[in-house]
Every structure is written in C-alpha cells, then in structure tokens.
Amino acid sequence: MFEAAELGRSIEQAEYDARVPQLRTSLLAAQEQLKQAAPFSVVIVIAGVDGAGKGETVNTLHEWMDARYMQTHAFGAPSEEERERPAMWRFWRALPPKGRIGIFFGSWYTDPIIDRTYGKTSDAEFQVDLRHIQDFERMLAEDGTLVLKYWFHLSKQAQKRRLKKLSNDPELSWRVGPQDWEHFERYDDFKATSERALRETSTGVAPWQVIEGANARYRELTCAEHLLTHLQRHLQDAEAQNNAKAEIKAKAAKAPERTSKASSKRQKAPAASKDQPTVLDGIDLGATLDEARYEEQLVHWQGKLNRLSRKAAEVGATMLAVFEGADAAGKGGAIRRLTRALDARYYQVVPIAAPSEEERAHHYLWRFWRHLPRAGHLLLFDRSWYGRVLVERVEGFAAEAEWRRAYNEITEFEELLDEHGIGLVKFWLHIDRDEQARRFAERKKTPYKEFKITEEDLRNRAKWPLYEAAVHEMVERTSTTSAPWHLIPANDKHYARIAVIENTCAELERCIDAVKAARKKKRRRRD
C-alpha cells in the first residue's frame, strides 16, 4: 500500500511558486463559502511516519487559510481524566461545529496502532478498535461531515536520513526524541500494522490519501490540492441538496390542499394500526404499592443505594441512568427520590431540552458525549439521546433517514460505554392516557406544579399512537444484553419510584463487581 509513496517524487521551487498563489486564493474562497453557508464541518486527520513532515504541513495549511476558522488539536498520551472515559471521548469533545475545520494531529488511530505494534493489545482487540473507528467515521459522514485522512509516508531509509538531519540541526534537534528512534527500530512492525489499519478503514465515506513526505513542496501541494478538490466537491453537493429541498418545498406550497391531505393520511396511519400490539401493552399498569409499604421500601432501597454509591466512588465504578417516558409519567419524582440517597459531590442530573444553537451545529450525540462523568460518579439523564427516535421522529425534527440510522448509532454508543466499564440503566416510565389526563388536571390546580404544563404537552397527547409506535420500535431496536430497557408501570408513583431505585441498585452493584473483577484480573497478569 505504501510502495507508491516511496518513488522519490518532488516538485521544483519554480513550479511550487507558480502554483501556490492560485491555490491559496481558492482555499480561502472555499473556506469562506464553508463558513458562510455550508451545513457541514470538515474533519482532517493527519497521521503517518515520524519525520514525514506532518507538523510542517499543518503549519502551512494554517498559513494559507484563515486560521480563525480552523483549529488543530494535538493529542498525546491520554491524561488521567481522559483515561476515565471511553477512548473516543476526547475526540468527540474536539469535533468542529458546522462551517468550521478541525485538524486532528494525533487522532483515534494513534493509540490503536502503537499499542498493537508494541504488543499491548491482541489482534482481536485491534480489530475491535478498527471497527469502532469505522463506525465513528461513518457516523460523522452520514451526518454530513467531510472526513479527510492524510497519511504522510517515508521509506525506512528516508526516515533515517530525516531523523538524523533533524538531530544534527541545533535549531531543530528538539523535534527528535528517544521515542522517535525507538519507533524507527520498529519501522517494519509499524508499517505492517499501519498498512492493515489504513486498508481496513479506507472506506467510501472516509478514504485515506497516502502522501510521500520526502519532498516538502510535493507534500504541501499534494495535501492542499486534495483538500481543495474535496472541499469544493462537498460544497457543490451540499448546495445541490439544498436546492432540491427548496424545490420540494416550493412544489408543496403550490399545492397546499393536496399536501394537507397527504400529511393527514401520514398522521392517521399509526392510529389505524392501533390494534397492533406493542411492548407497552405487556406492562401491568395495575401494579401498586400502598403508602405504608412504600415508606418502608423507600428507606430500605435508599439506604442500599447510598451504601453502593459510596462504594462506587471508592472503587471508581461509573454509571449512567436514562429516564424516558410520557409527559407526567413521574420521571422527575423518581429522580428526586433517587438523588436523595446520593452524595451531591458524586452525581449530576442533566435535563435534556431542545438543543441549543451550539448543539445543533454538531452531531446530535455530541452533547451527550461531553457530559460523560469521571470514574466513581453517577450521571442521570432526564431525557436523553433517545429523543432522536422519539420526539424528533414524531414531530418531524429529524428526517426519516436520520432517525432510522440513529438506532444503530445509539447501540454503538452504548456498546462503547459498556466496553469501558460504564454501567447504563435505561427506564421507560409508562402511564395510560387517562392517568396522564388526571395528572395534567392536578398540575393545573396546583400553583407550584402549573409550570410543568406546556402547550407542547397538550399537543403531544393528540399524537399518543405515534409515540406508542415509536417507543415500541425503540425498545425492540435498542434493548440489548448489556443495556436492556426497564419498562416501569408508573400509574402508581409509589410503585414506579421503588422499581427505579431497586433497578439502579442492581446495575450499580454489577458495575462495582465488574470493576473489582477487572482489577483482580489485572493483578493476576502482573503476578
């Protein structure tokens, strides 16, 4: 795969000087177009052989383009804070918003390649790393992100000459350290591992571009021209898609009656399938717990949760709890009873509302990735990433293609949490329509609860069958062995609250045991 990048190609100074001015002008124009109107971001991965000119090329791109609207992230060894989260956490947080360019100098490829080359991971583990990378890049590309990946290559002889030249230059010797020479000693192993990584992750949506790094002029022009070509192409594709959408809207506006009837039919379709059973039909909404039993159980389970949470903080066990359910199903009340048993220093409740402007400029999972807690902490989501396949689906905030692919994106996200040892417990609190109407009426009568009723809540009642269908598919598609859904009957608040705390305790206990087992296994390996 790297043979073509060892041919010794070069560009003379005169040709370089002649091509650069127009190239810089075109790059700035494309960047301005991206900044002003493009509904996508650009992610540039810079990787390759030590001494192949990666840093110099990044500096050149910053010089030739508007550095105010592009940011380079250089990732070294993960910090203690980063090691407490899944490996992709630090990269998700650094993703650029729409209209901007992000350069990743040291990326999600670095650690998997180094660890496999040095034998720190097995072949099977390396394969899993590559699969997660493919999933991540596909997710970005399907969201519209332009993903460009550049591998700067040098032959073994060229790398040795380059490292020696830098080492012997008093002004540049700081750029070559012991690790560079150590990597050079393993050149053949690195080459084999890297070649496999590139071959398996060079996909149609995120292909690799291998660039010969021996000649600086050739390297810079090749990289910049490739960037320009693909940026211009992506801009043209985005413009064509926008024009097509505008044309569809214009046609719809010319035929309002027909559109209205079609829309009405679409809304009635789920209602027509009301007789179709859903997972919600199997929930025993008659489950109750009397006041005396409730108080007794609440003391017991809150006490157990408190003990487990202190143990979790001690051993570094981490857990997320997701609360979903119909309006007025009692999510807030369940969360309050749960958090009363917790130390405020070790938990956080994140209420999820409509995304902010900043959040809309990123992939919808971005705002959830950045909230992931440190080891030993609990994080409670009052509504979550499942909004993509619930409210965004039903209300039309997400296109059908977007919410349909979200099932796979969500299960991949939750799989990464599980692999890192982060527990996840997911609750759907279910009530029937009569109980919801009763609670709405009660809220209207109670001054300190009246704020909970919104026009949106009332509108959602009219779409009950649509939400039932969405919940059914959500549970079927995303209830996995490691992250199953807990469907909680919530017509009786007492019963629901105890069920939530009890299941939270079970998951937290499992997390603690998993952390202990992992540490024990690690000690046996050392011994």
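Caption draft 1: Up close: the side chain of Thr-222. One can find Thr-222 in helix α10 (residues 216-254). Judged by relative accessible area, which is 17%, Thr-222 ranks as buried. Among the polar contacts listed, one links the side chain of Thr-222 to the backbone oxygen of Tyr-218, at a separation of 2.7 Å. Dropping the residues within four chain positions of it, Thr-222 is found in contact with Gln-209 and Ile-211.

Caption draft 2: Here's a closer look at the environment of Trp-89. Note that Trp-89 resides in helix α4 (residues 89-93). Relative accessible area serves as the criterion here: at 2%, Trp-89 is assigned to the buried category. Spatially, the C-alpha atoms of Trp-89 and Ala-490 are 34 Å apart, while their sequence positions differ by 401 residues. Trp-89 has contacts with Glu-81, Glu-82, Trp-369, Arg-370 and Leu-372, leaving out every residue within four places of it along the chain. A distance of 3.1 Å separates a polar side-chain atom of Trp-89 from the backbone oxygen of Trp-369.

Caption draft 3: A look at the environment of Thr-480. Within the secondary structure layout, Thr-480 lies in the loop between α20 (464-478) and β10 (485-489). Taking the relative accessible area as the measure of exposure, Thr-480 reaches 29% and is therefore partly exposed. Through-space distance from the C-alpha of Thr-480 to that of Glu-414 is 9.3 Å; in sequence the pair is 66 residues apart. Here Ala-483 takes part through its backbone nitrogen, which lies 3.1 Å from a polar atom of the side chain of Thr-480.

Caption draft 4: Structural detail: the nonpolar core. Counting 104 residues, the largest nonpolar core has Trp-108 and Trp-385 as its most contacted members. In terms of residue count, the dominant contributor to this core is α10 (nine residues). Setting aside its immediate chain neighbours within four residues, Trp-385 contacts Leu-320, Val-322, Tyr-364, Leu-365, Phe-368, Ile-410, Phe-413, Glu-414 and Leu-424. In terms of nonpolar packing, the next biggest core, distinct from the first, is built from 38 residues, Tyr-294, Phe-323, Val-425 and Cys-511 among them.

Caption draft 5: Layout of the sheet that holds strand β2 (residues 70-74). Read across the open sheet, the five strands follow the order β2-β3-β1-β4-β5; overall the sheet is parallel. Each edge of the open sheet is held by one strand with a lone partner, namely β2 and β5 (208-212). The mean angle between the axes of side-by-side strands here comes to 20 degrees, regardless of whether they run parallel or antiparallel. Strands in contact with helix α2 (residues 54-64) are β1 (42-48), β2, β3 (101-105) and β4 (146-153); relative to β3, the strand with the most contacts, it is inclined by about 165 degrees. Strands β1, β4 and β5 of the sheet are contacted by α10, whose axis makes an angle of about 165 degrees with β4.

The rules behind each value
- Residues numbered from 1 in each chain as written.
- Predicted model: local features only at pLDDT ≥ 70, side-chain atom pairs only at ≥ 80, totals over all residues.
- Heavy atoms only, no water.
- Helix = DSSP H or I, 4+ residues; strand = E, 2+ residues; numbered from the N terminus.
- Buried < 20%, exposed > 50% of the residue type's maximum accessible area, 1.4 Å probe, protein only.
- Polar contact = N/O pair within 3.5 Å; in protein donor to acceptor, adjacent residues only side chain to side chain.
- Contact = heavy atoms within 4.5 Å.
- Core = buried A, V, L, I, M, F, W, Y, C linked by side-chain atoms within 4.5 Å.
- Pairing = 2+ DSSP bridges.
- Axes fitted to C-alpha atoms, helices over the stretch in contact; angles between N-to-C directions.

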